[in-house]
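This is what each chain is made of:
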Amino acid sequence: RSQIVCLLKNISKNNYWMPEDSIINKPQDFIITLNKLLVSCEGKLSGCLPEIFIRFLFVEMAHFICEVIIDLIPRVANHKINHVGYRQLYKNTFSLQQNLTTITTKGMEKCFDRAQKYLKLSQKTPEDIEKIQEIKNKKYGSDKEKYAAYNFSKDQ
């Protein structure tokens with residue numbers, strides 16, 4: 001986990017306000033290094049753990065990676081991401097998704113969807129986000145209170 005965080009911290013160190021003519025055809029080097037590290041770990045673990053435990057570890061690792069990515073997106077250099085930088089970050093997350101899908105033999109789309117949706121929000125203006133929120137509030141009703149299995153505010 002510590003090596004994953006160290007490698008993913010490069011997201012916050014990079015500038016994703018990239019020139020319009022930038023060619024995005026591969027993930028960044030630190031993502032390639034992380035993918036190699038994950039494959040190496042899987043190879044070493046496969047000799048001493050049953051496949052079901054390896055799958056469990058790497059599925060949980062995928063969720064951890066997504067959480068770290070979501071945490072780091074607002075911290076990118078200059079706090080700005082243009083559409084070219086968005087494509088680069090998307091390429092990075094998609095590469096990790098493919099690699100972890102190969103390792104776990106389980107589709108990781110749902111896990112990485114959250115990170116990719118969060119990344120899409122970086123391309124929206126505050127006004128766009130407010131409109132999206134208003135639409136969701138109309139659809140699901142923001143005035144309704146949601147309770148867990150037990151409502152502690154009422155005498156039951």
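Bear in mind that the values here come from a model prediction, so they are computed numbers and not experimental data.

**Q** Teacher, can you tell me more about a positive patch on the surface here?
**A** Positive charge collects at one region of the surface, where Lys117, Lys120, Lys124, Lys136 and Lys139 lie side by side. When residues of the positive patch are traced back to their parent elements, those giving at least two are helix 6 (109-121) and helix 7 (126-140). The topology assignment puts Lys117 in helix 6. Residue Lys117 is classed as exposed on the basis of its relative accessible area of 57%.

**Q** Teacher, can you tell me more about unusual backbone geometry here?
**A** Of note, His79 is a non-glycine position whose phi angle comes to about 55 degrees, a positive value. As for its position among the elements, His79 is in the loop between helix 4 (51-72) and helix 5 (83-104). Positive phi values are uncommon outside glycine, yet Thr105 reaches one of about 50 degrees. Here Thr105 lies in the loop between helix 5 and helix 6. By relative accessible area, which is 56% here, Thr105 ends up exposed.

**Q** What should I look at first to understand the packing of aromatic side chains in this one?
**A** For any two aromatic rings, the description comes down to two numbers: the centre-to-centre distance and the angle of the planes. In this structure the tally under the stated criterion is two aromatic pairs. With 6.2 Å between their ring centres and 35 degrees between their planes, Tyr86 and Tyr90 make a pair best called tilted. Residue Tyr86 and its partner Tyr90 are both found in helix 5; the two are separated by four residues, about one turn of the helix. On the basis of relative accessibility, which here comes to 17%, the residue Tyr86 falls in the buried class.

**Q** I'm lost on the environment of Glu42 in this one. Help?
**A** Tracing the backbone through its elements, the reader meets Glu42 in helix 3 (residues 29-45). The spatial distance from the C-alpha of Glu42 to the C-alpha of Thr104 is 9.4 Å, given a sequence separation of 62 residues. The residues touching Glu42, leaving out its near neighbours within four places in the chain, are Ile54, Phe58 and Ile103.

**Q** So what exactly am I meant to see when it comes to the pattern of salt bridges here?
**A** Tallied over the entire structure, the rule returns four salt bridges. Taking the shortest distance from any N to any O, the salt bridge between Glu51 and Arg55 comes out at 3.1 Å. Pair noted here: Glu51 and Arg55 are both in helix 4, with a separation of four residues, about one helical turn. The partly exposed category is assigned to Arg55, whose relative accessible area is 30%.

**Q** Can you walk me through the side chain of Gln88 in this structure?
**A** You can see Gln88 is positioned in helix 5. A residue is classified by how much of its surface remains accessible, and Gln88, at 6% relative accessible area, is buried. Gln88 has contacts with Tyr16, Met18, Ile24, Lys26, Pro27 and Gln28, leaving out every residue within four places of it along the chain.

**Q** Any chance you could explain a nonpolar patch on the surface here in plain terms?
**A** The grouping of Tyr118, Leu121, Ile129 and Ile132 at the surface amounts to a nonpolar patch, some 290 Å² of accessible area in total. For the nonpolar patch, the elements supplying multiple residues, two or more each, are helix 6 and helix 7. Mapped onto the secondary structure, Tyr118 falls in helix 6.

What counts and how
Residues numbered from 1 in each chain as written. Predicted model: local features only at pLDDT ≥ 70, side-chain atom pairs only at ≥ 80, totals over all residues. Heavy atoms only, no water. Patch = residues over 30% accessible without salt bridge, like charges linked within 9 Å, V, L, I, M, F, W, Y side chains within 5 Å. Areas by Shrake-Rupley, 256 points an atom, 1.4 Å probe, with all protein chains shown as cover. Salt bridge = Lys/Arg side-chain N within 4 Å of Asp/Glu carboxyl O. Lys, Arg positive; Asp, Glu negative; His and termini not counted. Charge placed at Lys NZ, Arg CZ, Asp CG, Glu CD. Helix = DSSP H or I, 4+ residues; strand = E, 2+ residues; numbered from the N terminus. Buried < 20%, exposed > 50% of the residue type's maximum accessible area, 1.4 Å probe, protein only. Phe/Tyr/Trp six-rings, centres within 6.5 Å; stacked < 30°, edge-to-face > 60°. Contact = heavy atoms within 4.5 Å.

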